[in-house]
Amino acid sequence: ILLSATQCFTVDNSQIYITASIGISLFPGDGQSADVLIKNADLAMYRSKERGKNAYTFFTKELDDAVNARFELETELFAAIEEENFEVFYQPKVDATQNTIVGCEALVRWKRADGHYVSPADFISLAEETGLIVGIDRFVLQTVCKDLKDFSPLFVTPHPVAVNISARSIAKEHFVEDFLATVDSNEVSHELIGVEITETILMTDLETSVDSISRLNNYGFRIFLDDFGTGYSSLSYLHSMPISCLKVDKKFVDDIFSQQNRSDKIVTTIIKLASSLDVEVVAEGVETREQIEFLVKNRCNVIQGYFYSRPLPKKAYIEFCRNFNKPAFDN
Ligand code: C2E
Ligand code: CA
Ligand code: CA
């Protein structure tokens, strides 16, 4: 069937090429009635589509479980947004040579009814697929604007908080206006809010994204390019977008001392690139003293990672800032 579907058809003098996606269920194991068999074949067909189409997939019990689990998670996530069952945690960014906290990143946590936190790793991609992420991003910005009032008195110099903004949020109509309205209605000064974006935003709608990012920057919000070097990097957009800071991804930091690959070279290259473009650089996922020494020696002074602190709930973060006292590293 797949082969015959890929033959060229002629319709109204136009040549048309199509592919098929097939799902297969078998009687009696996969269902006792036509309804169930067709429903299960349909599930398997979607799996074929996900695998890039032009494929066939047999229905399995695992497939059914995965779809049900996903559906349950989606329903719960939807309710969690309605009920605002989220919390915002903060992770400090520290200048290791000055021994000062220079800002932090806001990271969302989903608090389940049983009191357990669900890690973003387990729900952000679903939230992105379903578009629910837009509501989450909005909630995080709103919370940050409120929490900032309690952070500011702790610091002599401005202490900006960076929020993560998904590609889906940026693509929304009036995104910049809504963002601005939230910040302004909370009377937060723009330099106190940073926006972390990843390279994936450029894959959806390049022109709209670049336009929105530029406007945010014109309003005085600082733009961080997250996970730098892991996506579909193209150096050309570094020109077209007003990036204030590159974030060196944890993956590269993890492997600085690994013999397997050349992460150390990648890290030093990103740092040099940032310096020649005159943008700042932050390393994330830093866990050890040796990593900091390497980074500082190569002129990346701003460090984020478990070495200093895990992301903390607001109260604990305030305590952390009050008591912060760590030795400075030489460069
Ligand atoms: P990210 O933006 O790259 O955030 C950094 C992640 O690395 C965070 O995971 C943080 O807890 C973790 N991390 C930081 N330092 C260390 C370290 O030293 N060791 C280890 N093992 N991990 C470290 P988290 O909080 O689980 O967030 C995962 C991802 O979910 C984030 O990656 C971000 O892409 C997304 N995310 C989190 N909150 C939001 C949000 O409010 N909106 C959007 N759109 N995405 C969010
Ligand atoms: Ca981030
Ligand atoms: Ca990152």
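The following refers to the structure shown. (Residues numbered from 1 in each chain as written. Chains lettered and ligands numbered in written order. Predicted model: local features only at pLDDT ≥ 70, side-chain atom pairs only at ≥ 80, totals over all residues. Heavy atoms only, no water.)

Looking at the pairing of strand β3 (residues 21–24)
(1) Moving on: The sheet contact formed by β3 and strand β4 (residues 55–58) spans four bridges and is parallel. Looking at β4, one finds that Ile22 is bridged to Tyr56.
(2) Moving on: Following the backbone out of β3, through helix α2 (residues 34–50) and into the adjacent parallel β4, one traces a crossover that is left-handed. (Pairing = 2+ DSSP bridges. Helix = DSSP H or I, 4+ residues; strand = E, 2+ residues; numbered from the N terminus. Right-handed = clockwise from strand over helix to strand, strands pointing away.)

Description of unusual backbone geometry
(1) Moving on: Between Phe27 and Pro28 the backbone carries a cis peptide bond, its omega angle lying at 5°.
(2) Moving on: As for its position among the elements, Pro28 is in the loop between β3 and α2.
(3) Moving on: We note that Glu84 has phi near 50°; this positive angle belongs to a residue other than glycine.
(4) Moving on: Tracing the chain through its elements places Glu84 in the loop between α3 (61–82) and β5 (86–95).
(5) Moving on: For Glu84, a relative accessible area of 51% translates into the label exposed.
(6) Moving on: Positive phi, normally seen in glycine, also occurs at Asn99, with a value near 60°.
(7) Moving on: With respect to the helices and strands, the residue Asn99 is situated in the loop between β5 and β6 (100–111). (Buried < 20%, exposed > 50% of the residue type's maximum accessible area, 1.4 Å probe, protein only.)

Brief notes about the pattern of salt bridges
When the charged atoms of two side chains with opposite charge come close together, those side chains can pair.
(1) Moving on: Counting across every chain of the model gives 17 salt bridges.
(2) Moving on: Of the charged contacts in the structure, one is a salt bridge between Glu129 and Arg70, with a shortest N-O distance of 2.5 Å. One end of the pair, Glu129, is in helix α4 (residues 124–130); the other, Arg70, is in helix α3, and 59 residues separate them in sequence.
(3) Moving on: Among the residues examined, Arg70 registers a relative accessible area of 36% and is labelled partly exposed.
(4) Moving on: Residue Arg112 pairs with Glu76 through a salt bridge whose shortest N-O separation is 2.6 Å. Pair noted here: Arg112 is in the loop between β6 and β7 (117–118) and Glu76 is in helix α3, with a separation of 36 residues, a long-range link.
(5) Moving on: For Arg112, a relative accessible area of 28% translates into the label partly exposed.
(6) Moving on: A network of salt bridges, in which partner residues are shared, links Lys93, Glu105, Glu196, Lys247 and Glu284. (Salt bridge = Lys/Arg side-chain N within 4 Å of Asp/Glu carboxyl O.)

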